[in-house]
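Residue-level listing of the chains:
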Amino acid sequence: MRLTQFLLRLFFLLALAAAGVNIALAQVAPQPQTPAQTQPVQQPQAAPPVAAPVVADSAIDQASKAVEKAKKDLAGLQAALSDSADDDDALLALAGRTEELNRAVQDLSAGLGPRLEQIKNRLTEIGEPPKEGQPPEAEIVTNERNALTAERTQINAVTADIESLSAGIGKLGHTVADSRRQLFAATLLRRTDISGSVLVDAGGAFVEETREFGQALSSWLVFVLKFKSFAFFAAIFLSLATALILLAGGYRLFGAYLQRTEKEEHPSYISRLSIAFWSTLIRTASLSTLLVLSYFFLDSFNVLRPDIAPIVRALFACIGLVYFVRRFSNAIFAPREAQWRLVKLSNRGASSIGACLLAMAVVNALDYLFSSIGEAMGSPLVLTVVRSLIAAMIIGLILIAASFGRPMLARSGDPDAPGRHWPRGMAIILRVIGAALMVTALTGYVGLARFVATQLIITGAIVVTTYIGLLSGKAISRTESFGDTFVGRYLQRRFKLGPVAIDQAGLLVGLCISGVALLTGIPLILLLWGFHIQDLQQLAYRLFTEVRLGGISISLIGIFTGILLFVGGYLLTRWIQRWLDGNIMARSHVDLGVRNSVKTGIGYLGVGIAAIVGVSAAGIDLSSFALVASALSVGIGFGLQNIVSNFVSGLILLVERPFKVGDHVVSGTSEGIVKRISVRATEIETFRKQSIIVPNSELINGSVGNWTHRNKMGRSEIPVSVSYSADPQKVMDILLELVNAVPLVLRNPEPHVEFLRFGTYSLDFELRFMLADMGDGMKIRNNLRIEILKRFREEGIEIPLPQSDVVFHREHHTGVPAIAEAKPEPEPEVQQKAEEPVDETAEDDGTVRRLRGKKPDTTRKG
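If you're wondering where the values come from, they're calculated on a predicted model, not measured in any experiment.

### A few points about the overall build of the protein
Inference 1: In terms of regular secondary structure, the protein is built from 22 helices and 12 strands.
Inference 2: Here the protein holds 862 residues, and the buried ones make up 33% of them.
Inference 3: Long-range contacts, defined here as pairs at least 24 residues apart, represent 70% of the contacts in the protein between residues at least 6 apart.
Inference 4: Counting only carbon and sulfur atoms, one obtains 62% of the accessible surface of the protein, whose full area is about 53,900 Å².

Written as structure tokens, this is what we have:
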């Protein structure tokens, strides 16, 4: 019955399958066609795929169209260059568009590279066409070679156009950069005649500018109060709220670095540097953030008119400049707190130098503010020239006046005492710079004088602040210095760090402080020296995305991403190792050796995968190093053959597991417990707690004894010798009785005693028993020896000692040798009973046998 049901089900399934096949064939069967439409099939062989060439042709066509568009864009940029030769902002925008076009063309070239490489590889696989006299190849192969060759020709043509286009874009970029440098130099070296009529014209223009500015300011205020009062007060409220939040957060996080302790009479050098740097940087950054947000809110709420916005922007910039110089001078010179001063100045000298720096900063700020007002009001250029002339003259006079001061600390070291004069070289430098500024301005080079005066103050302050930051980082990085700081003590309390860990943290913190100083100071200096924000953006983009070293392109962002991925993979691997070992294998009571092998294997696998992912993410093309690697492979192979041998042997040990962690092994002269198995060497700890590092290749190629290979059970022996007067059976019974009384001795197989031999001076027995754990053998053998000795003494069984008999043969007193009389007498000889050589320290079975010899029994015959 079951067979019948099975056959029916099988027949039903076959019928369904046949029906499905018929339906599929009916769907794909060709429909009837007219004779004109019918095309006979000449060859049944499969044709090459059409989709790939179509896609390739489409990609080439798109690349060609993109190249043509880039050529038109390049022509437009070249035409725009002639119209923007006198406008630095327009040249800057042109440089940005040129850089974008260059990146687009490079991406286009990079997109064609993989397809060209595929074509080259495929043509190499196909090979050259058959020569004359050789058998013809298949038509499909010829067609494929011809199609690939044609496609390669098209790609090479497009690539040539891209290369010529890239050269044109590079040339345009150099031209724009040269034009900007020339314009900057021309602006600085532009000369204006300084005469009385110029001063008179400037006076009239100043009066007119003041009147226009007053009208504009009053009309703007009326406009704000009537139509934008809510927006104005909302912007002010948001700005003040943001300022309070920043100030409160700054004091909460960095309060220790913003305030000086007056009670501290002798602050450390690190404390002085840190407070000087962080108080200047954090407070200036907080105020700058407040000013930027205030301008952003006012502009976003449409409170600022186009004629007022530049003036407000200049006003905020002037406020930030004056505040920065004020904070800088107070941090460096500390006029009222001599113990926090970073330079050796008197109190009066510190106050005077700080006042001079602040005065020069105010003069520069007012010059910039008035220039912005003049540009917004459309004032004539002569007014700007005269303002800059006056500012340069004032700054020059301040420098000359400061050179005659006495700011240096007195020789007594008292900061309240009158100071000493400047060093002679410094005083001369100040006078020369001041006189040069005045002469430069009076001779008509007002722009150059204004630029130099600005750089003296702002750039000097930024450079000194950056230098203080570098000194702070260097001081904190010194050995045993970070632990004395506030942050170091907090980390020690919070994370329970030791001296070594806190010292390493200090090195990291020092590097971070130096990085903050450089990343803050260098961009500001570049901006002051004529660079624009767009220039810095392009520079940063090139630095972080593409750094070319010969033919190798390196991306710092890619490298950083690769490092992060590698570190993440490494940490994930370590977490998986701990989780598997602590949860799965520990709960499953897996053997310690298996756990170690699994952990080690997962560790190497995870680190290898993390390294591959990191290198791939970094974008490092290892094919560029293929030639160098092939050239060095032979030498490296010979030099690293032992390392490779140990590595492979380590993998074999981890997989095959002839011994594991915790096993008692004997290898050559090494005997102990296996503590760790790595891919290069195995660590064996002897019973004297000495660690022996054995290369894995020696363990693979040599003989290794493992006392605990499959389990810890093993046999232990105690040799016993008794005198010939003892009863052998009684001795054997006593030994079995004593060993059976030990609980740790196994009963299956049961202990037994072997009567080994009739010795030279004793009867030799050996007690043999099995233990579940060989680690208990030493303790059990010691206890058994003690019990055996006690029992033998009670039973009167003697343990013999080695004996020696010495016999001397002496000559007659007549002086004639005995050999001359009757029969020859032997020479004096020593007859000694042989004894078995026994090593006092032999520990092959854990037994130490110590023998004490009797005094030899000597018999004289004469």
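### Considering the pattern of salt bridges
Inference 1: This model, assessed by the stated rule, comprises 19 salt bridges.
Inference 2: Residue Arg122 is joined to Glu144 by a salt bridge in which the shortest nitrogen-to-oxygen separation is 2.7 Å. Of this pair, Arg122 sits in helix H3 (residues 88-126) while Glu144 sits in helix H4 (residues 139-188), and the two are 22 residues apart along the sequence.

### Considering the confidence of the model for the protein
Inference 1: The predicted model of the protein has a mean per-residue pLDDT of 76, with 80% of residues at 70 or higher.
Inference 2: pLDDT under 50 marks residues 1-56. Its contacts with residues more than four places away, or in other chains, come to 5 contacts.
Inference 3: Predicted confidence for residues 815-862 stays below pLDDT 50, and this span has 71 contacts to residues more than four positions away or in other chains.

### Considerations on the packing of helix H7 (residues 269-300) against helix H14 (residues 499-528)
Inference 1: Viewed as axis vectors pointing N to C, H7 and H14 meet at an angle of 45 degrees, and their least axial separation amounts to 12 Å. Relative to H14, H7 is oriented oblique. Classified by chirality, the crossing of H14 by H7 is left-handed. On H14, the residues that touch Phe277, Trp278 and Leu281 of H7 are Ile513, Val516, Ala517 and Thr520.
Inference 2: A per-class count over the contact of H7 with H14 returns 6 nonpolar, 1 polar and no charged.

### Quick word on the sheet that holds strand S4 (residues 670-677)
Inference 1: Taken in spatial order, the 5 strands make up an open sheet running S6-S5-S4-S3-S7, and their pairing is antiparallel. Looking along the sheet, the strands with just one partner apiece sit at the ends: strand S6 (691-695) and strand S7 (705-706).

### Observations regarding helix H11 (residues 424-442)
Inference 1: Between its first and last C-alpha, H11 extends 27 Å over 19 residues, near the 27 Å set by a 1.5 Å rise per residue.
Inference 2: Within H11 the residues assigned to the buried category are Ala427, Leu430, Gly434, Leu437, Met438 and Ala441. Along the axis of H11, the buried residues cluster in a sector spanning 100 degrees; they form a single face. The exposed set on the far side of H11, more than 90 degrees from its buried face, consists of Arg424, Val432 and Val439.
Inference 3: Turning to H11, the residues buried within the fold contact helix H10 (381-403) and helix H12 (446-477).

### Section: the nonpolar core
One recurring pattern in soluble globular proteins: nonpolar side chains tend to sit buried together.
Inference 1: Judged by nonpolar contacts, the single largest core of 58 residues is most densely connected at Phe277, Val325, Phe333, Leu357, Met360, Ile395 and Ile457.
Inference 2: Among the secondary structure elements, those contributing two or more residues to this core are H7, helix H8 (309-333), helix H9 (347-377), H10, H11, H12 and H14.
Inference 3: Residues contacting Leu357, with those up to four places away along its chain left out, are Val325, Phe328, Ser329 and Phe333.
Inference 4: The next biggest cluster of nonpolar side chains, apart from the first, holds 26 residues, and it includes Ile60, Val67, Val105 and Ile155.

### Notes on the packing of H8 against H12
Inference 1: It is at 11 Å that the axes of H8 and H12 come closest, and there the two elements cross at 45 degrees. Taken together, the axis directions place H8 and H12 in an arrangement best described as oblique. Here the hand of the crossing between H8 and H12 comes out left-handed. Here Leu321, Phe324, Val325, Phe328 and Ile332 of H8 come into contact with H12, specifically with Ile457, Ile458, Ala461, Ile462, Val464, Thr465 and Ile468.

### With respect to the packing of aromatic side chains
Inference 1: Here the structure, examined in full by the defined rule, presents 8 aromatic pairs.
Inference 2: Through successive ring pairs, a cluster of aromatic residues spans Phe296, Phe297 and Phe301.
Inference 3: Above the face of the Phe404 ring, Arg431 is positioned so that its terminal group lies 4.1 Å from the ring centre.

### Observations concerning a nonpolar patch on the surface
Inference 1: On the surface, Val644, Phe647, Val648, Leu651, Ile652 and Ile700 cluster together into a nonpolar patch covering about 450 Å² of accessible area.
Inference 2: Within the element layout of this structure, Phe647 appears in helix H19 (residues 641-656).
Inference 3: Using a relative accessible area of 39% as the deciding quantity, one classes Phe647 as partly exposed.

### So, the pairing of strand S3 (residues 664-667)
Inference 1: Two elements, S3 and S4, share 4 bridges in a ladder whose sense is antiparallel. Note that in S4 the partner of Val665 across the bridge is Gly672.
Inference 2: Here S3 folds back onto S4 in antiparallel fashion, the turn holding 2 residues, of which Gly668 has a positive phi close to 65 degrees.
Inference 3: Sheet topology note: the S3/S7 ladder contains 2 bridges and is antiparallel. Across the sheet, the residue bridging to Val666 is Gly705, located in S7.

### Regarding the environment of Ile275
Inference 1: By the element assignment, Ile275 lies in helix H7.
Inference 2: When the C-alpha positions of Ile275 and Ala331 are compared, they lie 7.6 Å apart, and in sequence the two are 56 residues distant.

### Focus on the sheet that holds strand S8 (residues 714-722)
Sheets are built from strands paired through backbone hydrogen bonds, the pairs being either parallel or antiparallel.
Inference 1: The antiparallel open sheet is built from 3 strands, whose spatial order is S8-S10-S9. Only two strands of the sheet have a single neighbouring strand rather than two, namely S8 and strand S9 (752-758). Strand-to-strand twist across the sheet, computed as the mean angle between neighbouring axes with direction ignored, equals 25 degrees.
Inference 2: In this structure, S8 lies alongside strand S10 (residues 763-771), joined through 9 bridges in antiparallel fashion. Directly across from Glu717, in S10, lies its bridge partner Arg768.

### Describing the pairing of S10
Both faces of the sheet carry side chains from a regular strand, because those side chains alternate between them.
Inference 1: Most of S10 sits inside the fold, with 9 of its 9 residues counted as buried.
Inference 2: The alternating pattern of S10 places Leu763, Phe765, Leu767, Phe769 and Leu771 and Asp764, Glu766, Arg768 and Met770 on opposite faces, both of which are buried.
Inference 3: Relative to S10, S9 runs antiparallel, the two being bridged by 6 bridges. Its bridge partner being in S10, Phe755 is matched across the sheet by Phe765.
Inference 4: Taking the residues between adjacent antiparallel strands as the criterion, S9 and S10 are bridged by 4 residues.

### Section: the side chain of Ser472
Inference 1: Here Ser472 is to be found in helix H12.
Inference 2: Other than its neighbours up to four places away in sequence, Ser472 contacts Leu273, Ser274, Phe277 and Ile513.

About the cut-offs
- By convention here, each chain's residues receive numbers from 1 onward along its written sequence.
- Where local features are concerned, this predicted model is filtered to residues with pLDDT of at least 70; where side-chain atom pairs are given and counted, the filter is 80 or more; whole-chain, interface and lining totals use all residues.
- Computation of side-chain values: all heavy atoms of the structure, hydrogens and water removed.
- Per the convention used, a helix needs a DSSP run of H or I reaching at least four residues, while a strand needs a run of E reaching at least two, with both numbered from the N terminus.
- Only protein chains enter the area calculation, which uses a 1.4 Å probe; residues under 20% of their type maximum are buried, those over 50% are exposed, and those in between are partly exposed.
- Here, two residues are considered to be in contact whenever any of their heavy atoms come within 4.5 Å of each other.
- Residue exposure ignores everything except the shown protein chains as possible cover, and the areas themselves are Shrake-Rupley values with a 1.4 Å probe.
- Criterion for a salt bridge: a side-chain nitrogen of Lys or Arg within 4 Å of a carboxyl oxygen of Asp or Glu.
- Think of pLDDT as the predictor's per-residue confidence, scored from 0 to 100.
- Lines fitted to C-alpha atoms define the axes here, with helix axes fitted over just the stretch in contact, and angles between the N-to-C directions of these axes take values from 0 to 180 degrees.
- Under this scheme an angle from 65 to 115 degrees is roughly perpendicular, one under 35 degrees roughly parallel, and one over 145 degrees roughly antiparallel; angles in between are oblique.
- By definition, turning the near helix anticlockwise from the far helix through less than a right angle yields a left-handed crossing, and turning it clockwise yields a right-handed one.
- Residues are grouped as follows: Ala, Val, Leu, Ile, Met, Phe, Trp, Tyr, Cys and Pro are nonpolar; Asp, Glu, Lys and Arg are charged; all remaining types, including Gly, are polar.
- The pairing criterion is simple: DSSP has to find at least two bridges between the two strands.
- Here the expected length of a helix is defined as 1.5 Å per residue gap, with one fewer gap than residues.
- What the arc describes is the spread of directions from the helix axis to the C-beta atoms.
- We call a set of buried Ala, Val, Leu, Ile, Met, Phe, Trp, Tyr and Cys residues a nonpolar core when their side-chain atoms join them within 4.5 Å.
- Pairing of aromatic rings covers Phe, Tyr and the six-membered ring of Trp, with a centre-to-centre limit of 6.5 Å; geometry is then stacked below 30 degrees between planes, edge-to-face above 60, and tilted otherwise.
- Over a ring means this: the NZ of a Lys or the CZ of an Arg is within 6 Å of the ring centre and within 35 degrees of the ring normal.
- Patch membership needs two things, relative accessible area over 30% and no salt bridge, and members are linked within 9 Å if like-charged or within 5 Å if nonpolar (Val, Leu, Ile, Met, Phe, Trp, Tyr).

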